[in-house]
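# Close look at the chain arrangement
Residues per chain, in single letters:
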Amino acid sequence: MTRKEFIDKGVMMGMGLPFLSSMLLTACGKQHSIFPKFQTDFSGKVIVIGAGAAGMAAGYLLKKQGVDFEIIEAASIYGGRIKKVDDFVDFPLDIGAEWIHTDPKIFTDIIGDTNVNANIGTMVYDPQTIQTYKNGRLKSHNYLKGFYSEWKFKNTTWFDFFEQYIVPEIANNMILNKPITQIDYSTDKVRLKTASEEEYQADKVLVTVPIKILQKQLIEFEPPLPKPRKEAINHVYAGDGIKIFIEFKERFYPDILSFGNIFSALKREEKFVYDAAFKKSTDKHILGLFAINEQAAAYTKLNAEEAIIDKFLGELDEIFEGKATENYVKHLIQNWSSEPYIQGAYSYSFKESQFDVVEKLKEPIAAKIFFAGEALSIENQATVHGACESAYSQVAAMLENS
Ligand SMILES: Cc1cc2nc3c(=O)[nH]c(=O)nc-3n(C[C@H](O)[C@H](O)[C@H](O)COP(=O)(O)OP(=O)(O)OC[C@H]3O[C@@H](n4cnc5c(N)ncnc54)[C@H](O)[C@@H]3O)c2cc1C
């Protein structure tokens, strides 16, 4: 059974997504390798647009295949929705992707070399105190603790994994601060234009920007993308996204708290509060908020940082009888919707069958323009390893057929 089938079954059975243990998934699912092994005669140049998980993984595979490539990134840093902060607390915080939603063997698999033991320091994430808040009532559900466990990083982050194992291979091929604004594939070569009118040229291009960037048409295609492709892009729903971290003097919250009925609230995993210092080597009390879609929009639409933190503290005060304001030390807000080159959380649902939409998104255009990223993974959509898997399969498709 694939992860997707398992989740669909779980949802049908009314189980919450976080309660689908990754360990269970691994036990009952196939963990097939995502790193492709193939040979290519391709001797041209590839440009990868975007240096998130998909773009970096793509560059890594191109390097291993000895292909000439560049990764062009709009932002001043690489990582995309993988981002860490070192100076908020005494352990590194993942302020984008934070959980490892699969078996940690995935690290060796992303590296593509069984001789490399990716020593990245993971830990089992198995919250022991589980609460819900609904209609003014705080309820404990600790009896569920045996049903949910995944993995997290102990003293490292998703960013550290890429930094240690992927970036050294691609660092010399990455160009930052260059937002691509136009992809012209009307001639033999693909010509790219940046916001500051610089031009780059390649034989093939892999586009790994977030689906929201394509939906908002922040990159112009020349000739325009075919209508079915535009429709497929717009058939993906990706909403807002925000994470908030607050340091408190005392801990007054459980390991994880969800909103609404325990099963229905967690089913779609749109908002929860959690102990971000759970099992970390620290004495600090750090609470995290994860919110996407409408739940995130309730904060992101306020824009001003003060308004956002006031709203969240107010909510915590209501749940925990004023203890939030009483114990507040400092906060950190990562508003993914206001990041100019991300513009939201991640692909969440599809207007048509996910399989059909993704198959359409994966089709190369004029055998020159390829697409990859989290939204293009069927089995591991909306995850870091899904973004890598999509990049690997699209690079393989690009080079194998050349
Ligand atoms: C709040 C939140 C929590 C999450 N939690 C988890 C989790 O716990 N575990 C997990 O596995 N996943 C999680 N995810 C999802 C995960 O972060 C993503 O699926 C993954 O990182 C996406 O990688 P990507 O390469 O597809 O896209 P991105 O990381 O978005 O990379 C795309 C890159 O393209 C760049 N770009 C955009 N426009 C242009 C342009 N015009 N020119 C050049 N470059 C451009 C962007 O700057 C970006 O660097 C979370 C995501 C969010 C937002």
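In what follows, the structure referred to is the one given above.
All figures in this text were calculated on a predicted structure; none of them were measured in a lab. Per-chain numbering applies: the sequence of each chain, read as written, is numbered from 1 onward. Local features in this predicted model are restricted to residues whose pLDDT is 70 or higher, and side-chain atom pairs enter the listing and the counts only when it is 80 or higher, whereas totals over whole chains, interfaces and linings include all residues. In computing side-chain values, all of the structure's heavy atoms are included and hydrogens and water are not.

## Regarding the overall build of the chain
Secondary structure elements follow DSSP: runs of H or I no shorter than four residues count as helices, runs of E no shorter than two count as strands, and numbering proceeds from the N terminus. Each helix and strand in the chain was counted, giving 14 helices and 23 strands. Radius of gyration: over C-alpha atoms. The globule rule applied is 2.2 Å multiplied by the number of residues raised to the 0.38 power. Rg of the C-alpha trace for the chain: 21 Å, near the compact-globule value of 21 Å for 402 residues, within the 12% margin. With the C-alpha coordinates of the chain rotated into their principal frame, the extents come out at 65 × 45 × 40 Å. Three exposure classes are used, based on accessible area relative to the maximum for each residue type with a 1.4 Å probe and protein chains only: buried under 20%, partly exposed in between, and exposed over 50%. Per-residue burial for the chain yields a buried fraction of 58% across its 402 residues. We call two residues in contact when some of their heavy atoms are within 4.5 Å. Within the chain, counting contacts between residues at least 6 apart in sequence, those at least 24 apart form 73% of the total. To measure how exposed things are, a 1.4 Å probe is used in the Shrake-Rupley method; for residues, cover is taken only from the protein chains shown. Carbon and sulfur atoms make up 49% of the accessible area of the chain, which amounts to about 17200 Å² in all. Where the 45 positive side-chain charges of the chain centre and where its 54 negative ones centre are 4 Å apart. Under this rule, positive means Lys or Arg and negative means Asp or Glu; His and the chain ends count for nothing. Every charge is mapped to an atom, namely NZ of Lys, CZ of Arg, CG of Asp or CD of Glu.

## Here we look at the sheet that holds strand β20 (residues 285-292)
Pairs of strands are assigned from DSSP output, requiring at least two bridges between the strands. Ordered in space as β8-β7-β18-β19-β20-β17-β21, the 7 strands form an open sheet in which the pairing is mixed. Each edge of the sheet is formed by a strand with only one pairing partner; in this case those strands are β8 (137-140) and β21 (328-335). When the angles between neighbouring strand axes are averaged without regard to direction, this sheet yields 20°. Working convention: axes come from line fits to C-alpha atoms, limited for helices to the stretch in contact. Angles between N-to-C directions cover 0 to 180 degrees.

## Notes on the site of the ligand
As a matter of local geometry, the ligand sits amid 39 residues, with Ala54, Glu73, Arg81, Trp99 and Val384 nearest to it. Polar contacts here mean pairs of N or O atoms no more than 3.5 Å apart (in protein, one a potential hydrogen donor and the other a potential acceptor; neighbouring residues in sequence count only if both atoms are side-chain atoms). The separation between an oxygen atom of the ligand and a polar side-chain atom of Glu73 is 2.5 Å. Within the backbone of Thr383, an N or O atom sits 3.2 Å from an oxygen atom of the ligand. Protein contacts shield 98% of the accessible area of the ligand, which totals 1000 Å² for the unbound molecule. Those elements that place two or more of their residues in the shell around the ligand are α3 (53-64) and α14 (384-400). Gly counts as polar in this scheme, as do all residues outside two lists: the nonpolar Ala, Val, Leu, Ile, Met, Phe, Trp, Tyr, Cys and Pro, and the charged Asp, Glu, Lys and Arg. Within the shell around the ligand, the residues separate by chemical class into 24 nonpolar, 9 polar and 6 charged. Note that domain bounds follow an automatic or database assignment of domains. Shared between two domains, the shell around the ligand takes at least three residues from each, and those domains are domain 1 (1-30 + 121-155 + 240-344) and domain 2 (40-87 + 158-236 + 348-402). Proximity is defined per residue: any heavy atom of the residue falling within 4 Å of a molecule or strand makes that residue near it.

Don't take any of this as a statement about function, it's just geometry.
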